[in-house]
Structure formats: C-alpha cells, structure tokens
Amino acid sequence: MKDRLLDLLACPTCGGDILLAYASKYDGKEIIEGVLTCKKCDREYKILRGVPRFVDLGKIEEDKAATAENFGWQWTNFTQEDPKYNEQFLGWLQPVKREFFAGKVVLEGGCGKGRHTKLAAEWGAADVVGIDLGDGVESAFALTRGLPNVHIVQCDIFKLPLKKAFDYAFSVGVLHHTPDPKGAFVSLAGKVKKGGNISAWVYGAENNEWITNYVDPVRTGFTSQISQPLLYQLSKLPTLGVFLTTKLVYRPINAASKGVANKLFYNEYLNHLGTFGWREQHNIVFDHLVAPTAFYISKTAFAEWWKEISAEDVEITWHNENSWCGFGRIENSK
Ligand SMILES: [Zn+2]
C-alpha cells in the first residue's frame with residue numbers, strides 16, 4: 001500500500017478518516033505489513049502482503065465469500081495475457097476511449113487479478129484504486145506493484161472504505177455476480193464526485209435465455225459446488241465443443257457470408273468468441289460455470305439503475321447481443 005492511498009480511504013463503518021497507525025514492513029515504496037486506524041471510531045484495519053484489508057472473509061456472507069473464493073482461484077490459475085484484452089476492455093467501456101483516463105482518479109469495482117486496473121494506470125490515470133473481495137487481490141497486487149499510480153484494496157463493494165473522491169468509476173463483469181447487482185452499482189456510484197462518470201458492463205437477460213434455462217441449473221446445482229481444480233478439468237469438455245464450433249463453423253461462415261452467418265444461433269457472440277484461443281475460451285466457459293451467484297439483467301432493469309443514481313447523458317449499448325454497457329455522468333448522487 002502506498003502512503004498516498006490514505007487520502008482516498010475512509011472508514012467503511014463510520015466514514016471517518018483513515019490514518020496509518022504503524023508500518024512494520026516497508027519496501028521503500030509500499031507498506032507491506034502494518035495497521036490502519038479510523039480517526040473517528042478507532043477501528044483497526046490490517047495491511048497484509050501489501051494490501052489493506054477491510055474484510056474478514058470469515059464473517060462475510062457465505063455466498064459472497066464463495067463467489068470471491070471461486071474467482072480468486074480462477075485468477076491465480078488463468079494468467080494468460082492477450083493483446084485483444086485492450087480492445088475487449090474498451091468494448092465494455094464504450095464510448096470511453098483510452099485518452100479518457102488521462103489525469104483522472106479512477107475506481108474499479110471488482111478488479112480480479114488487476115488486468116483492467118493496470119490498463120487504466122498505463123493509460124494515464126492519476127490514481128487507480130482496484131477493489132475486490134477475494135483472493136484476486138494477491139495477484140492484482142503482484143501484477144501492479146511496479147506502477148506508482150495503482151492501489152489495490154480488499155473490501156466489500158457494498159461497504160467501500162473510500163471517500164467520494166473519484167472522477168470515474170467502472171465495473172466490468174462483476175456487478176451481476178453480487179447478491180444485489182443494483183445495490184452494488186449504487187454503492188460504486190456513491191464514490192464518484194459531482195460531474196464525474198461511471199461505466200458498467202453486465203450480462204443481459206435478453207438472448208441469454210439458453211443460459212438461464214440450461215446452463216444455470218448445472219451451475220447452481222453442480223459446477224459451483226465442486227472443487228475448482230476438478231471443475232478446471234471438467235470444463236475442458238464443454239470448452240472443446242465451443243472451440244470446435246466457433247473455429248470450424250462460425251468463423252468460416254462469417255468470413256464467407258454475413259447474410260448466412262446472421263441466421264446462425266447467437267452469431268454475434270459466438271463469432272466474437274471464435275477470435276479467442278483455447279485458454280481464453282476455457283476461461284470464459286469456466287467463468288460461466290464457477291460462480292454461485294449470477295444475474296442476467298434486462299435492458300429495462302438496467303435503465304432503472306441509471307435513474308436510481310440520477311445519472312445524466314446516459315448511453316446504454318447492446319454488446320455482442322448478449323450484454324449491456326452503460327455510461328453516464330453523475331450530477332446529483334447521494
Ligand atoms: Zn470509523
């Protein structure tokens with residue numbers, strides 16, 4: 001944890017300022033071990049392995065902990081890098097472009113292993129705070145340690161230990177895995193300053209009926225319950241099906257004739273998936289099978305979220321015909 005993160009932190013319980021009580025291990029740039037304390041209520045929070053911890057994983061609700069733990073395992077075990085990630089990331093944030101980050105104080109709600117936090121920092125953000133509930137923070141800290149403008153914090157998105165001090169907040173692929181996606185979005189928006197912006201990308205209800213009908217029962221009843229290493233192996237089988245179909249059917253037909261391709265089941269998404277290699281596809285399949293909680297949000301419900309935070313100039317975009325991207329400006333947040 002870098003000293004200057006203190007300016008952005010606030011006690012998740014009472015909102016008071018956070019002070020550094022002491023640092024027992026410091027590497028010259030980061031406080032590796034230490035204790036933070038709230039100026040107002042005296043509560044203490046630990047800094048462990050470079051990351052300030054505002055959660056007690058033993059105490060958070062079982063479902064949230066299970067989701068965080070499952071994704072934590074995934075993020076430590078799928079560590080491939082792919083240049084397509086930049087493009088994919090901006091696709092989820094549309095209409096935001098990389099220049100948008102320059103000089104901004106940015107918050108990422110659910111940073112996983114920190115891939116997007118790192119990009120935001122490299123694209124010129126003044127400071128980026130990546131928060132996550134689970135083990136992903138260990139990888140995120142390792143990945144971003146060399147960057148002077150990145151801060152990784154372990155906390156609950158519903159109880160953010162942060163001041164209302166951000167120019168921009170974003171969350172991609174995380175809100176729908178919390179027990180209350182809209183509540184998590186409102187919580188995130190609450191940390192954005194007046195005139196700042198927020199982006200969110202969520203699974204859509206539309207066109208995902210096949211997932212809610214056929215994949216969800218398997219996920220909730222079986223795959224989210226078994227051990228991660230076992231699921232890692234088992235999920236190779238459906239991945240093989242997806243891999244062969246996208247590479248041998250969708251890509252060639254899309255290349256030959258868009259007219260024919262558009263008649264294919266779920267074409268936009270499966271054709272896009274076909275641009276990824278085996279590991280990325282395995283990651284996506286695993287992702288759909290691992291989470292104990294997943295909501296699929298309709299456009300109407302998603303639009304309500306933006307009304308709830310009184311956002312202005314809201315742009316909602318249908319992404320790959322199976323998910324929603326939203327972007328808006330905050331003028332009257334609570
Ligand atoms: Zn406090």
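Structure shown above.
The paragraphs below set out a description of the structure included in this document. (Residues numbered from 1 in each chain as written. Predicted model: local features only at pLDDT ≥ 70, side-chain atom pairs only at ≥ 80, totals over all residues. Heavy atoms only, no water.)

1. Quick look at the coordination of the zinc ion
Alright, step 1. Within the protein, the atoms that donate to the zinc ion are Cys11 (SG), Cys14 (SG), Cys38 (SG) and Cys41 (SG), at distances of 2.2 to 2.3 Å.
Alright, step 2. One can describe the site at the zinc ion as tetrahedral: its four donor atoms subtend angles covering 96 to 116 degrees at the metal. (Donors = N, O, S within 2.8 Å, 3.2 Å for Na, K, Ca; no water. Tetrahedral: all angles 85-135°; square planar, octahedral: opposite > 155°, others 65-115°.)

2. Regarding unusual backbone geometry
Alright, step 1. Omega for the peptide link from Gln94 to Pro95 comes to 10 degrees, which places this bond in the cis form.
Alright, step 2. Following the sequence through the fold, Pro95 ends up in the loop between helix H2 (84–93) and strand E5 (105–109).
Alright, step 3. A positive phi angle, close to 55 degrees, is found at Glu321, a residue other than glycine. (Helix = DSSP H or I, 4+ residues; strand = E, 2+ residues; numbered from the N terminus.)

3. Re the environment of Asn254
Alright, step 1. Structurally, Asn254 can be placed in helix H8 (residues 236–256).
Alright, step 2. Apart from the residues within four sequence positions on either side, Asn254 is in contact with Ala261, Asn267 and Asn271.
Alright, step 3. One polar contact links Asn254 to Lys258, side chain to side chain, over a distance of 2.8 Å.
Alright, step 4. A polar contact of 3.4 Å, which involves the side chain of Asn254, links it to the side chain of Asn271. (Contact = heavy atoms within 4.5 Å. Polar contact = N/O pair within 3.5 Å; in protein donor to acceptor, adjacent residues only side chain to side chain.)

4. Here's the deal with H2
Alright, step 1. Among the ten residues in H2, seven count as buried, and that is most of the element.
Alright, step 2. By the burial criterion, the buried members of H2 are Tyr85, Gln88, Phe89, Leu90, Gly91, Trp92 and Leu93.
Alright, step 3. At its buried positions, H2 is contacted by helix H3 (115–122), strand E8 (166–172), strand E9 (192–203), helix H11 (278–290), strand E10 (311–319) and strand E11 (323–330). (Buried < 20%, exposed > 50% of the residue type's maximum accessible area, 1.4 Å probe, protein only.)

5. Quick look at the state of the cysteines
Alright, step 1. On inspection of all chains with the given rule, the structure shows zero disulfides.
Alright, step 2. The closest cysteine sulfur to the non-disulfide-bonded Cys155 is located on Cys111, 8.9 Å from its own sulfur.
Alright, step 3. For Cys325, which is in no disulfide, the shortest distance to another cysteine sulfur is to Cys111 and amounts to 20 Å. (Disulfide = S-S within 2.5 Å.)

Taken by themselves, the reported measurements are silent on function.
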